[in-house]
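Here is how the chains run, residue by residue.
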Amino acid sequence: MNWRAIFKPSAKYSIFALLAVGIIVGVVGYFTTQQVLHATSTDEFCMSCHSNHSLKDEVLASVHGGGKSGIVVECQQCHVAQDPFGYLKKKIIVSKDVIGYLTIDGFNTQEWLEENRAEQAELAARYFRQIDSSTCQNCHNRIYEDQPETMKKMAVKMHTRNFEAKGTEKYKTCIDCHQGVAHPFPREGKSPKFRAAK
Ligand code: HEC
Ligand code: HEC
Ligand code: HEC
Ligand code: HEC
(Lines give C-alpha, C1' and ligand atoms only; values in the text may rest on other atoms or scores of the structure.)
(Ligands and ions follow the chains in the order given, each with its own letter.)
Protein backbone atom coordinates (compact mmCIF):
# COMPACT_ATOMS: atom_id res chain seq x y z
CA MET A 1 0.00 0.00 0.00
CA ASN A 2 1.24 3.40 -0.93
CA TRP A 3 0.55 5.53 2.17
CA ARG A 4 1.61 8.75 0.54
CA ALA A 5 -1.26 8.43 -1.92
CA ILE A 6 -3.72 8.92 0.91
CA PHE A 7 -2.45 12.37 1.66
CA LYS A 8 -2.10 13.46 -1.96
CA PRO A 9 -5.00 15.44 -3.35
CA SER A 10 -7.24 13.01 -5.19
CA ALA A 11 -6.88 13.09 -8.94
CA LYS A 12 -10.16 11.33 -9.63
CA TYR A 13 -12.56 13.19 -7.30
CA SER A 14 -12.69 16.88 -6.62
CA ILE A 15 -11.99 18.01 -3.10
CA PHE A 16 -15.58 19.27 -2.91
CA ALA A 17 -17.06 15.89 -3.81
CA LEU A 18 -14.92 14.29 -1.08
CA LEU A 19 -15.95 16.95 1.38
CA ALA A 20 -19.63 16.42 0.55
CA VAL A 21 -19.29 12.67 1.09
CA GLY A 22 -17.51 13.35 4.37
CA ILE A 23 -20.28 15.61 5.59
CA ILE A 24 -22.99 13.10 4.67
CA VAL A 25 -21.18 10.28 6.46
CA GLY A 26 -20.69 12.54 9.48
CA VAL A 27 -24.33 13.59 9.65
CA VAL A 28 -25.63 10.03 9.22
CA GLY A 29 -23.18 8.85 11.86
CA TYR A 30 -24.26 11.58 14.24
CA PHE A 31 -27.95 10.75 13.95
CA THR A 32 -27.35 7.01 14.19
CA THR A 33 -25.44 7.56 17.43
CA GLN A 34 -28.25 9.77 18.73
CA GLN A 35 -30.79 7.08 17.81
CA VAL A 36 -28.79 4.36 19.56
CA LEU A 37 -28.23 6.51 22.64
CA HIS A 38 -31.89 7.40 22.69
CA ALA A 39 -33.01 3.79 22.38
CA THR A 40 -30.70 2.85 25.23
CA SER A 41 -32.23 5.50 27.49
CA THR A 42 -35.68 4.02 27.89
CA ASP A 43 -36.93 1.99 30.85
CA GLU A 44 -37.54 -0.85 28.38
CA PHE A 45 -33.84 -0.94 27.57
CA CYS A 46 -32.83 -1.08 31.23
CA MET A 47 -35.45 -3.71 31.92
CA SER A 48 -34.29 -5.88 29.03
CA CYS A 49 -31.49 -7.13 31.30
CA HIS A 50 -33.22 -6.49 34.64
CA SER A 51 -36.53 -8.00 33.42
CA ASN A 52 -36.98 -10.38 36.37
CA HIS A 53 -36.04 -7.78 38.98
CA SER A 54 -38.74 -5.85 40.85
CA LEU A 55 -36.94 -2.53 40.14
CA LYS A 56 -39.66 -0.99 37.99
CA ASP A 57 -42.45 -1.94 40.42
CA GLU A 58 -40.36 -0.48 43.23
CA VAL A 59 -40.14 2.86 41.47
CA LEU A 60 -43.90 2.81 40.82
CA ALA A 61 -44.53 2.15 44.53
CA SER A 62 -42.16 4.94 45.61
CA VAL A 63 -42.55 8.73 45.83
CA HIS A 64 -41.16 8.79 42.29
CA GLY A 65 -43.89 6.55 40.91
CA GLY A 66 -46.42 9.23 40.10
CA GLY A 67 -48.57 9.10 43.24
CA LYS A 68 -49.23 12.75 43.97
CA SER A 69 -47.81 14.58 40.98
CA GLY A 70 -48.45 12.12 38.17
CA ILE A 71 -44.77 12.02 37.22
CA VAL A 72 -43.18 8.61 36.84
CA VAL A 73 -39.43 9.12 36.95
CA GLU A 74 -37.50 7.01 34.42
CA CYS A 75 -34.48 4.89 35.35
CA GLN A 76 -32.04 6.96 33.37
CA GLN A 77 -33.37 10.29 34.71
CA CYS A 78 -31.83 9.25 38.04
CA HIS A 79 -29.07 6.86 37.04
CA VAL A 80 -27.45 8.54 34.02
CA ALA A 81 -25.87 12.00 34.27
CA GLN A 82 -27.65 14.20 31.75
CA ASP A 83 -24.83 16.47 30.58
CA PRO A 84 -23.54 15.25 27.20
CA PHE A 85 -20.13 14.16 28.47
CA GLY A 86 -21.39 12.47 31.63
CA TYR A 87 -24.09 10.82 29.55
CA LEU A 88 -21.65 9.22 27.11
CA LYS A 89 -19.33 8.21 29.93
CA LYS A 90 -22.13 6.42 31.79
CA LYS A 91 -23.23 4.74 28.55
CA ILE A 92 -19.78 3.30 28.15
CA ILE A 93 -19.79 2.09 31.76
CA VAL A 94 -23.22 0.47 31.29
CA SER A 95 -22.01 -1.30 28.16
CA LYS A 96 -19.54 -3.26 30.30
CA ASP A 97 -22.57 -4.76 32.08
CA VAL A 98 -23.13 -6.88 28.98
CA ILE A 99 -20.24 -9.00 30.22
CA GLY A 100 -21.71 -9.14 33.73
CA TYR A 101 -25.07 -10.10 32.28
CA LEU A 102 -23.52 -13.00 30.39
CA THR A 103 -21.20 -14.18 33.16
CA ILE A 104 -22.90 -13.58 36.54
CA ASP A 105 -24.66 -16.79 37.53
CA GLY A 106 -28.42 -16.28 37.92
CA PHE A 107 -28.13 -12.50 37.49
CA ASN A 108 -31.58 -11.87 36.07
CA THR A 109 -33.53 -13.39 38.95
CA GLN A 110 -35.26 -11.72 41.91
CA GLU A 111 -33.26 -13.97 44.27
CA TRP A 112 -30.02 -12.56 42.91
CA LEU A 113 -31.22 -8.98 43.41
CA GLU A 114 -32.32 -9.66 46.98
CA GLU A 115 -29.08 -11.42 47.84
CA ASN A 116 -26.92 -8.72 46.30
CA ARG A 117 -28.97 -5.62 46.91
CA ALA A 118 -26.70 -4.17 49.60
CA GLU A 119 -23.64 -4.40 47.38
CA GLN A 120 -25.47 -3.17 44.28
CA ALA A 121 -26.95 -0.24 46.22
CA GLU A 122 -23.46 0.73 47.32
CA LEU A 123 -22.21 0.62 43.72
CA ALA A 124 -25.15 2.75 42.61
CA ALA A 125 -24.58 5.19 45.49
CA ARG A 126 -20.93 5.54 44.55
CA TYR A 127 -21.95 6.82 41.13
CA PHE A 128 -24.37 9.33 42.69
CA ARG A 129 -21.54 10.63 44.86
CA GLN A 130 -19.27 10.94 41.82
CA ILE A 131 -21.78 13.14 40.01
CA ASP A 132 -22.87 14.96 43.22
CA SER A 133 -26.40 13.62 42.61
CA SER A 134 -26.66 15.97 39.65
CA THR A 135 -29.55 13.93 38.25
CA CYS A 136 -31.61 14.58 41.40
CA GLN A 137 -30.78 18.27 41.15
CA ASN A 138 -31.98 18.46 37.54
CA CYS A 139 -35.53 18.10 38.84
CA HIS A 140 -35.13 19.29 42.43
CA ASN A 141 -33.48 22.53 41.36
CA ARG A 142 -34.72 24.70 44.22
CA ILE A 143 -33.14 22.83 47.09
CA TYR A 144 -30.21 25.06 47.97
CA GLU A 145 -30.94 28.55 46.74
CA ASP A 146 -34.29 30.07 45.97
CA GLN A 147 -36.15 27.48 48.08
CA PRO A 148 -39.92 27.52 47.65
CA GLU A 149 -41.89 28.96 50.57
CA THR A 150 -43.81 25.72 50.89
CA MET A 151 -40.67 23.74 51.73
CA LYS A 152 -40.67 22.37 55.27
CA LYS A 153 -38.67 24.45 57.78
CA MET A 154 -36.62 21.41 58.73
CA ALA A 155 -35.77 20.78 55.07
CA VAL A 156 -34.75 24.42 54.48
CA LYS A 157 -32.52 24.30 57.57
CA MET A 158 -30.79 21.06 56.60
CA HIS A 159 -30.35 22.06 52.97
CA THR A 160 -29.04 25.53 53.81
CA ARG A 161 -26.56 24.11 56.30
CA ASN A 162 -25.37 21.55 53.76
CA PHE A 163 -25.03 24.15 51.02
CA GLU A 164 -22.84 26.25 53.29
CA ALA A 165 -20.62 23.22 53.88
CA LYS A 166 -19.91 22.87 50.15
CA GLY A 167 -16.24 22.23 49.51
CA THR A 168 -15.67 20.96 53.06
CA GLU A 169 -15.63 17.43 54.44
CA LYS A 170 -19.05 17.97 56.00
CA TYR A 171 -20.74 18.41 52.62
CA LYS A 172 -23.13 15.59 51.74
CA THR A 173 -24.73 14.68 48.46
CA CYS A 174 -28.52 14.20 48.21
CA ILE A 175 -28.46 10.42 48.52
CA ASP A 176 -26.35 10.48 51.68
CA CYS A 177 -29.40 11.90 53.46
CA HIS A 178 -32.20 10.60 51.23
CA GLN A 179 -31.84 6.86 50.91
CA GLY A 180 -34.28 4.52 49.25
CA VAL A 181 -36.13 7.21 47.30
CA ALA A 182 -36.92 4.69 44.54
CA HIS A 183 -36.10 1.22 45.89
CA PRO A 184 -36.30 -0.42 49.31
CA PHE A 185 -33.06 0.51 51.02
CA PRO A 186 -30.94 -2.29 52.52
CA ARG A 187 -30.27 -1.40 56.17
CA GLU A 188 -27.33 -2.96 57.99
CA GLY A 189 -26.50 -4.90 54.88
CA LYS A 190 -29.85 -6.71 55.00
CA SER A 191 -31.73 -6.83 51.71
CA PRO A 192 -35.40 -6.14 52.09
CA LYS A 193 -37.81 -8.20 50.02
CA PHE A 194 -40.01 -6.15 47.77
CA ARG A 195 -43.65 -7.10 47.34
CA ALA A 196 -45.65 -4.88 45.05
CA ALA A 197 -48.99 -3.82 46.48
CA LYS A 198 -51.83 -5.37 44.54
C1 HEC B 1 -26.66 -5.57 29.14
C2 HEC B 1 -27.48 -5.81 30.31
C3 HEC B 1 -27.84 -4.59 31.17
C4 HEC B 1 -28.52 -3.47 30.78
C5 HEC B 1 -29.06 -3.14 29.40
C6 HEC B 1 -28.66 -2.64 31.96
N7 HEC B 1 -28.08 -3.25 33.04
FE8 HEC B 1 -27.96 -2.53 34.95
N9 HEC B 1 -26.80 -4.11 35.51
C10 HEC B 1 -26.47 -5.18 34.69
C11 HEC B 1 -25.58 -6.08 35.43
C12 HEC B 1 -24.98 -7.39 34.90
C13 HEC B 1 -25.38 -5.50 36.72
C14 HEC B 1 -24.49 -6.03 37.84
C15 HEC B 1 -23.13 -5.40 37.67
C16 HEC B 1 -22.05 -5.93 38.57
O17 HEC B 1 -22.28 -6.17 39.74
O18 HEC B 1 -20.93 -6.06 38.05
C19 HEC B 1 -26.17 -4.26 36.72
C20 HEC B 1 -26.23 -3.39 37.80
C21 HEC B 1 -26.91 -2.18 37.81
C22 HEC B 1 -26.92 -1.22 38.92
C23 HEC B 1 -26.20 -1.35 40.26
C24 HEC B 1 -24.71 -1.39 40.13
C25 HEC B 1 -24.09 -0.13 39.62
O26 HEC B 1 -22.96 -0.22 39.05
O27 HEC B 1 -24.64 0.98 39.74
C28 HEC B 1 -27.69 -0.17 38.52
C29 HEC B 1 -27.98 1.09 39.30
C30 HEC B 1 -28.18 -0.47 37.18
N31 HEC B 1 -27.70 -1.70 36.79
C32 HEC B 1 -29.02 0.37 36.48
C33 HEC B 1 -29.30 0.20 35.12
C34 HEC B 1 -30.00 1.21 34.31
C35 HEC B 1 -30.51 2.54 34.83
C36 HEC B 1 -30.06 0.72 33.04
C37 HEC B 1 -30.63 1.42 31.81
C38 HEC B 1 -29.99 2.68 31.43
C39 HEC B 1 -29.42 -0.60 33.05
N40 HEC B 1 -29.00 -0.86 34.32
C41 HEC B 1 -29.29 -1.41 31.94
C42 HEC B 1 -26.89 -5.39 33.39
C43 HEC B 1 -27.56 -4.45 32.60
C1 HEC C 1 -37.51 13.51 36.74
C2 HEC C 1 -37.55 14.35 37.93
C3 HEC C 1 -37.03 13.81 39.25
C4 HEC C 1 -35.82 13.22 39.51
C5 HEC C 1 -34.70 12.89 38.53
C6 HEC C 1 -35.77 13.02 40.94
N7 HEC C 1 -36.93 13.43 41.52
FE8 HEC C 1 -37.38 13.38 43.52
N9 HEC C 1 -39.28 13.90 43.10
C10 HEC C 1 -39.75 14.32 41.87
C11 HEC C 1 -41.17 14.62 41.99
C12 HEC C 1 -42.07 15.13 40.87
C13 HEC C 1 -41.52 14.35 43.34
C14 HEC C 1 -42.88 14.53 43.99
C15 HEC C 1 -43.67 13.26 43.82
C16 HEC C 1 -45.06 13.40 44.33
O17 HEC C 1 -45.23 14.05 45.35
O18 HEC C 1 -45.95 12.83 43.68
C19 HEC C 1 -40.31 13.90 44.01
C20 HEC C 1 -40.23 13.57 45.36
C21 HEC C 1 -39.03 13.44 46.08
C22 HEC C 1 -38.89 13.35 47.52
C23 HEC C 1 -40.04 13.31 48.50
C24 HEC C 1 -40.45 14.67 48.91
C25 HEC C 1 -41.60 14.61 49.88
O26 HEC C 1 -42.54 15.39 49.67
O27 HEC C 1 -41.58 13.80 50.79
C28 HEC C 1 -37.56 13.26 47.81
C29 HEC C 1 -36.91 13.18 49.17
C30 HEC C 1 -36.86 13.25 46.54
N31 HEC C 1 -37.80 13.38 45.52
C32 HEC C 1 -35.49 13.13 46.39
C33 HEC C 1 -34.88 12.81 45.17
C34 HEC C 1 -33.52 12.31 45.05
C35 HEC C 1 -32.56 12.09 46.19
C36 HEC C 1 -33.31 12.10 43.71
C37 HEC C 1 -32.07 11.54 43.03
C38 HEC C 1 -31.68 10.18 43.44
C39 HEC C 1 -34.52 12.48 43.00
N40 HEC C 1 -35.44 12.88 43.93
C41 HEC C 1 -34.68 12.47 41.62
C42 HEC C 1 -39.01 14.43 40.71
C43 HEC C 1 -37.74 13.91 40.53
C1 HEC D 1 -35.69 8.67 41.79
C2 HEC D 1 -34.43 8.15 41.36
C3 HEC D 1 -34.34 6.72 40.89
C4 HEC D 1 -35.09 6.09 39.93
C5 HEC D 1 -36.24 6.66 39.12
C6 HEC D 1 -34.54 4.77 39.77
N7 HEC D 1 -33.51 4.58 40.65
FE8 HEC D 1 -32.41 2.91 40.87
N9 HEC D 1 -31.46 3.72 42.49
C10 HEC D 1 -31.60 5.02 42.92
C11 HEC D 1 -30.76 5.23 44.09
C12 HEC D 1 -30.62 6.54 44.85
C13 HEC D 1 -30.11 4.01 44.36
C14 HEC D 1 -29.07 3.74 45.48
C15 HEC D 1 -29.64 2.97 46.65
C16 HEC D 1 -30.82 3.66 47.29
O17 HEC D 1 -30.68 4.75 47.85
O18 HEC D 1 -31.90 3.07 47.24
C19 HEC D 1 -30.58 3.08 43.34
C20 HEC D 1 -30.20 1.74 43.25
C21 HEC D 1 -30.47 0.92 42.15
C22 HEC D 1 -29.96 -0.43 41.96
C23 HEC D 1 -29.08 -1.21 42.95
C24 HEC D 1 -29.96 -2.12 43.81
C25 HEC D 1 -30.79 -1.36 44.80
O26 HEC D 1 -32.00 -1.63 44.89
O27 HEC D 1 -30.27 -0.50 45.52
C28 HEC D 1 -30.42 -0.88 40.75
C29 HEC D 1 -30.12 -2.23 40.10
C30 HEC D 1 -31.25 0.17 40.18
N31 HEC D 1 -31.27 1.24 41.06
C32 HEC D 1 -31.89 0.10 38.96
C33 HEC D 1 -32.93 0.95 38.57
C34 HEC D 1 -33.82 0.72 37.44
C35 HEC D 1 -33.71 -0.43 36.46
C36 HEC D 1 -34.71 1.76 37.42
C37 HEC D 1 -35.90 1.96 36.49
C38 HEC D 1 -36.92 0.92 36.52
C39 HEC D 1 -34.35 2.65 38.54
N40 HEC D 1 -33.29 2.12 39.20
C41 HEC D 1 -35.01 3.84 38.85
C42 HEC D 1 -32.41 5.98 42.35
C43 HEC D 1 -33.35 5.75 41.35
C1 HEC E 1 -27.77 16.95 55.20
C2 HEC E 1 -28.86 16.10 54.82
C3 HEC E 1 -29.61 16.46 53.54
C4 HEC E 1 -29.10 16.65 52.29
C5 HEC E 1 -27.65 16.63 51.84
C6 HEC E 1 -30.22 16.85 51.40
N7 HEC E 1 -31.38 16.79 52.12
FE8 HEC E 1 -33.26 16.94 51.39
N9 HEC E 1 -34.03 16.89 53.27
C10 HEC E 1 -33.31 16.64 54.42
C11 HEC E 1 -34.22 16.66 55.57
C12 HEC E 1 -33.84 16.39 57.01
C13 HEC E 1 -35.51 16.94 55.05
C14 HEC E 1 -36.82 17.07 55.85
C15 HEC E 1 -37.37 15.75 56.24
C16 HEC E 1 -38.01 15.05 55.13
O17 HEC E 1 -38.98 15.59 54.57
O18 HEC E 1 -37.56 13.95 54.78
C19 HEC E 1 -35.36 17.05 53.60
C20 HEC E 1 -36.40 17.28 52.73
C21 HEC E 1 -36.30 17.17 51.34
C22 HEC E 1 -37.42 17.24 50.42
C23 HEC E 1 -38.86 17.46 50.81
C24 HEC E 1 -39.09 18.93 51.05
C25 HEC E 1 -40.43 19.22 51.67
O26 HEC E 1 -40.72 20.38 51.90
O27 HEC E 1 -41.18 18.31 51.97
C28 HEC E 1 -36.91 17.07 49.16
C29 HEC E 1 -37.69 17.05 47.87
C30 HEC E 1 -35.47 16.92 49.29
N31 HEC E 1 -35.15 17.00 50.63
C32 HEC E 1 -34.61 16.72 48.26
C33 HEC E 1 -33.22 16.80 48.35
C34 HEC E 1 -32.31 16.81 47.22
C35 HEC E 1 -32.72 16.68 45.78
C36 HEC E 1 -31.05 16.95 47.73
C37 HEC E 1 -29.75 17.13 46.96
C38 HEC E 1 -29.71 18.31 46.10
C39 HEC E 1 -31.17 16.99 49.17
N40 HEC E 1 -32.51 16.92 49.51
C41 HEC E 1 -30.11 17.06 50.05
C42 HEC E 1 -31.96 16.44 54.50
C43 HEC E 1 -31.06 16.57 53.44
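Every residue gets a number counted from 1 within its own chain, in the order that chain's sequence is written. Both sets of labels track the order of writing: A upward for chains, 1 upward for ligands. Restriction of local features to residues with pLDDT of at least 70 applies here, the model being predicted, together with a cutoff of 80 or more for giving and counting side-chain atom pairs; totals for whole chains, interfaces and linings are based on all residues. The side-chain numbers reported here are obtained from all heavy atoms of the structure, hydrogens and water having been left aside.

Asker: Give a detailed account of the nonpolar core, specifying residues and quantitative values.
Answerer: By size, the foremost hydrophobic cluster in this structure holds 6 residues: Ile 143, Tyr 144, Met 151, Ala 155, Ala 165 and Tyr 171. Contact criterion: two residues are considered in contact whenever any of their non-hydrogen atoms come within 4.5 Å of each other. Here Tyr 171 is in contact with Asp 132, Tyr 144, Asn 162, Ala 165 and Lys 166, once residues within four sequence places are set aside. Listed in part, the 5 residues of the second largest apolar core include Ala 125, Phe 128, Cys 174 and Ile 175. In this text, buried Ala, Val, Leu, Ile, Met, Phe, Trp, Tyr and Cys residues form a nonpolar core when linked through side-chain atoms within 4.5 Å. Per-residue accessibility, obtained with a 1.4 Å probe over protein chains only, is compared with the maximum for each type, and a residue is labelled buried under 20%, exposed over 50%, and partly exposed between these values.

Asker: An account of the coordination of the iron atom of ligand 2 is requested, with residue identities and associated values reported.
Answerer: Protein coordination at the iron atom of ligand 2 comes from His 64 (NE2) and His 140 (NE2), with a distance range of 2.0 Å. Donor atoms (N, O, S) are those found within 2.8 Å of the metal centre, with the cutoff raised to 3.2 Å for Na, K and Ca; water is not part of the atom list, so apparent gaps in a site can occur. Geometry is assigned from donor-metal-donor angles: four donors are tetrahedral when every angle falls between 85 and 135 degrees, four are square planar and six octahedral when opposite donors sit over 155 degrees apart with all other angles between 65 and 115, and any other arrangement is irregular. With 6 donor atoms in place around the iron atom of ligand 2 and angles of 88 to 179° between them, the coordination shape is octahedral. On the criterion of sequence distance, the pair formed by His 64 in the loop between helix H4 (55-61) and helix H5 (75-79) and His 140 in the loop between helix H9 (134-139) and helix H10 (153-164) is long-range, its members being 76 residues apart. By relative accessible area, His 64 is classed as buried at 19%. Secondary structure is summarised from DSSP: a helix means a run of H or I of at least four residues, a strand means a run of E of at least two, and numbering begins at the N terminus for each.

Asker: Help me get a handle on the site of ligand 1, residues and values and all.
Answerer: Near residues are defined by distance, with any heavy atom within 4 Å of the molecule or strand qualifying the residue. Taken together, 14 residues are adjacent to ligand 1, and Cys 46, Cys 49, His 50, Phe 107 and Gln 120 come closest. Within the side chain of Asp 97, a nitrogen or oxygen atom sits 3.4 Å from a nitrogen atom of ligand 1. Between ligand 1 and Gln 120 there is a distance of 2.9 Å, counted from an oxygen atom to a side-chain nitrogen or oxygen. Polar contact criterion, stated in full: a pair of N or O atoms within 3.5 Å, where within protein one must be able to donate a hydrogen and the other to accept it, and residues adjacent in sequence count only if both atoms are side-chain atoms.

Asker: An account of the coordination of the iron atom of ligand 4 is needed here, citing residue identities and associated values.
Answerer: The coordination sphere of the iron atom of ligand 4, as far as protein atoms go, consists of His 159 (NE2) and His 178 (NE2), spread over 2.0 Å. A residue is classified by how much of its surface remains accessible, and His 159, at 15% relative accessible area, is buried. We classify His 178 as partly exposed; its relative accessible area is 45%.

Asker: Requested: an account of the UniProt feature "binding site: a menaquinol" (unreviewed entry) in the chain, with residues and values cited.
Answerer: Per the UniProt annotation, the sites labelled "binding site: a menaquinol" (unreviewed entry) are Lys 90 and Asp 97. As for its placement among the helices and strands, Lys 90 is situated in helix H6 (residues 84-95). Beyond its immediate sequence surroundings of up to four residues, Lys 90 is in contact with His 79, Val 80 and Tyr 127. Along the chain, the position of Asp 97 falls in helix H7 (residues 97-103). According to the relative accessible area criterion, Asp 97 is partly exposed, its value standing at 43%. UniProt positions are given in the numbering used here, feature names are shortened, and annotations may be inferred rather than shown by experiment.

Asker: Describe the UniProt feature "binding site: heme 2" (unreviewed entry) in the chain, naming the residues involved and giving the relevant values.
Answerer: UniProt feature "binding site: heme 2" (unreviewed entry): in the numbering of this structure it lies at Cys 75, Cys 78, His 79 and His 183. A maximum C-alpha distance of 12.6 Å is found for the annotated residues, which run over 109 residues; spatially they form one tight group. Turning to its location among the elements, His 79 is positioned in helix H5. Judged by its relative accessible area of 31%, His 79 falls in the partly exposed class. In contact with His 79, other than residues within four places in its own chain, are Lys 90, Ala 124, Tyr 127, Phe 128 and His 183. With respect to the helices and strands, His 183 occurs in the segment after helix H11 (174-177). Setting aside residues no more than four positions away along its own chain, His 183 makes contact with Leu 55, Glu 58, Val 59, His 79 and Arg 117. Side chain to side chain, His 183 and Glu 58 meet in a polar contact 2.9 Å long.

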